[in-house]
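Descriptive structure summary
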Amino acid sequence: MGNYTDIEKEFEAIIQPKLNAIFATNPNNTPQRQQQINATISQELFLLRTRKMTDLSSFTERNVICYFSAFLQSSVANPELSINDNDINGFMNAISGMDKSKGLDLILHTPGGGVTATESIVTYLRKIFKMDIRVIVPHMAMSAGTMIACSSKEIVMGKQSSLGPIDPQYHNVPAQGVLKEFERAIAETQVDPNKSLIWKEIIKQYRPTFVGECENAVKMSYDLVDGWLSDCMFKGYKVTKKARIDKVLSELSSHDASKLHDRHYDFEKCKKLGLKVTALESDQDFQDKVLSLYHSYLLSIYRLPSSIKYIECQRGQTFVINGKRNP
């Protein structure tokens, strides 16, 4: 098991008898019946996710927290889809009652988000689990998600997994993209002053202090990842530590190197950069449990169209954000 089709079949075998019972006792299509159906589906999906998470935790003998955003299934820019300061409440809820000595496996699926919120989450998790944090990326951990991955002792990725540049989002805009746009505006208007009218229309959308704030966000993300790599993932490399960190940052933090904010770095690229990555496929049982859990969340996203983010642990503590995903 581990693929979406099998997880969906497993869920259907569970939910269909329960729905049939509801139809039998309430044959009329009333609002009350629909509420009962929705509540039953939501509860059974929660139990499915918890079972898969418990299976993984029992296999690894480690704590598991899932952070799953529905960003790929959303067509509106809802800030709750991204990493933000509200997320710390979900992590606090998930960690309550855990045996901290078992460390943490963080299943991460996110488009990224705010730098300061990311710093807060990493700082909090490290206070709880010290440096015994492993980040598992079953699909995508982009931007600030990559920053969180770089703060861990090890990153687990499959052939399908991707990290991204650590170009931070500032007010939902790629900060390095803004800076490169301003640099291009200056260069082009110096060569051809007539282009200043065109650039004026583009640049006026930004408030006067926005460029400086973007510069600060870029520098902050660089400094954070530099420090996190130094005191955890690359801690044991005394002689080559700086060279290793510089190699990672020269690619992931450089807009000139990555070209695009949503550039994908797969397992092989991350390994060549020198990140401590482990192939998800190296242990078939582990891979099946991780992907079964991932697909249980994907199924939940599709079956519950108002859900936009989950932060949950193997003990059943759940923090779900609902909101608008589509116009």
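Our subject is the structure listed above.
A few points on the structure. Because the structure is predicted, anything quoted here is derived from the model rather than measured.

With that settled, consider the environment of Met 157. Its location among the elements puts Met 157 in strand β5 (residues 154-157). Sequence spacing of Met 157 and Val 137 is 20 residues, and the spatial spacing of their C-alpha atoms is 5.3 Å. Among all residues touching Met 157, those that are not within four sequence positions of it are Val 137, Ser 162, Leu 163, Tyr 265, Asp 266, Phe 267, Cys 270, Val 277, Thr 278, Ala 279, Leu 280 and Glu 281.

Counting residues in hydrophobic clusters, the biggest one holds 48 residues, and the most contacted among them are Ile 65, Leu 106, Leu 125, Ile 155, Leu 163, Leu 229 and Leu 275. Considering each element in turn, this core owes the most residues, 6 residues, to helix α4 (residues 115-129). If sequence neighbours within four positions are ignored, Leu 229 has contacts with Cys 150, Phe 234, Lys 235, Ile 245, Val 248 and Leu 275. Among the nonpolar cores identified, the runner-up in size contains 33 residues, and Ile 7, Met 53, Val 156 and Leu 280 belong to it.

According to the stated counting rule, one finds 13 salt bridges in the structure shown. For Asp 223, the salt bridge identified is with Lys 219, shortest N-O distance 2.7 Å. Of the two residues, Asp 223 and Lys 219 are both situated in helix α8 (residues 210-233); the distance of 4 residues between them amounts to about one turn of the helix. Taken together, the shared-partner salt bridges in this structure form one network comprising Arg 62, Asp 105, Asp 132, Arg 134 and Lys 153.

Attention shifts here to the pairing of strand β10 (residues 307-313). For β10, the tally of buried residues reaches 7 of 7 residues, placing the bulk of the element in the interior. In the sheet, strand β1 (residues 63-69) pairs with β10 via 5 bridges, with the strands oriented antiparallel. Note that in β10 the partner of Cys 66 across the bridge is Glu 312. In this sheet, strand β11 (residues 318-322) lies alongside β10 in antiparallel orientation, the contact comprising 5 bridges. Its bridge partner lying in β11, Lys 309 is registered against Ile 321.

Outside of glycine, negative phi angles account for most residues, and trans bonds account for most peptide bonds. The residue Glu 61 is not glycine, and still its phi comes out positive at about 60 degrees. Assignment of secondary structure puts Glu 61 in the loop between α2 (31-60) and β1. Residues other than glycine seldom take positive phi values, yet Ser 143 does so here, at roughly 50 degrees. In this fold, Ser 143 is placed in the loop between β4 (140-141) and α5 (144-150).

Here helix α9 (residues 241-252) spans 17 Å end to end across 12 residues, near enough to the 16 Å set by a 1.5 Å rise per residue. Those residues of α9 that sit buried are Lys 241, Ile 245, Val 248, Leu 249, Glu 251 and Leu 252. Along the long axis of α9, the arc covered by the buried residues comes to 165 degrees, so they all point the same way. Opposite the buried face of α9, at more than 90 degrees from it, the exposed residues are Lys 242 and Ala 243.

The buried count for strand β3 (residues 133-137) comes to 5 of 5 residues, which makes it a mostly enclosed element. Because side chains alternate across β3, one face comprises the buried residues Ile 133, Val 135 and Val 137, and the other comprises Arg 134 and Ile 136, equally buried. With 4 bridges connecting them, strand β2 (residues 104-109) and β3 associate as parallel partners. By the bridge assignment, Asp 105 is partnered in β3 with Arg 134. In terms of strand pairing, β3 meets β5 through 4 bridges, oriented parallel. Within the sheet, the bridge partner assigned to Val 135 lies in β5 and is Ile 155.

Rules used in this analysis
Residues numbered from 1 in each chain as written. Predicted model: local features only at pLDDT ≥ 70, side-chain atom pairs only at ≥ 80, totals over all residues. Heavy atoms only, no water. Helix = DSSP H or I, 4+ residues; strand = E, 2+ residues; numbered from the N terminus. Contact = heavy atoms within 4.5 Å. Core = buried A, V, L, I, M, F, W, Y, C linked by side-chain atoms within 4.5 Å. Buried < 20%, exposed > 50% of the residue type's maximum accessible area, 1.4 Å probe, protein only. Salt bridge = Lys/Arg side-chain N within 4 Å of Asp/Glu carboxyl O. Pairing = 2+ DSSP bridges. Expected span 1.5 Å × (residues − 1). Arc of directions from axis to C-beta.

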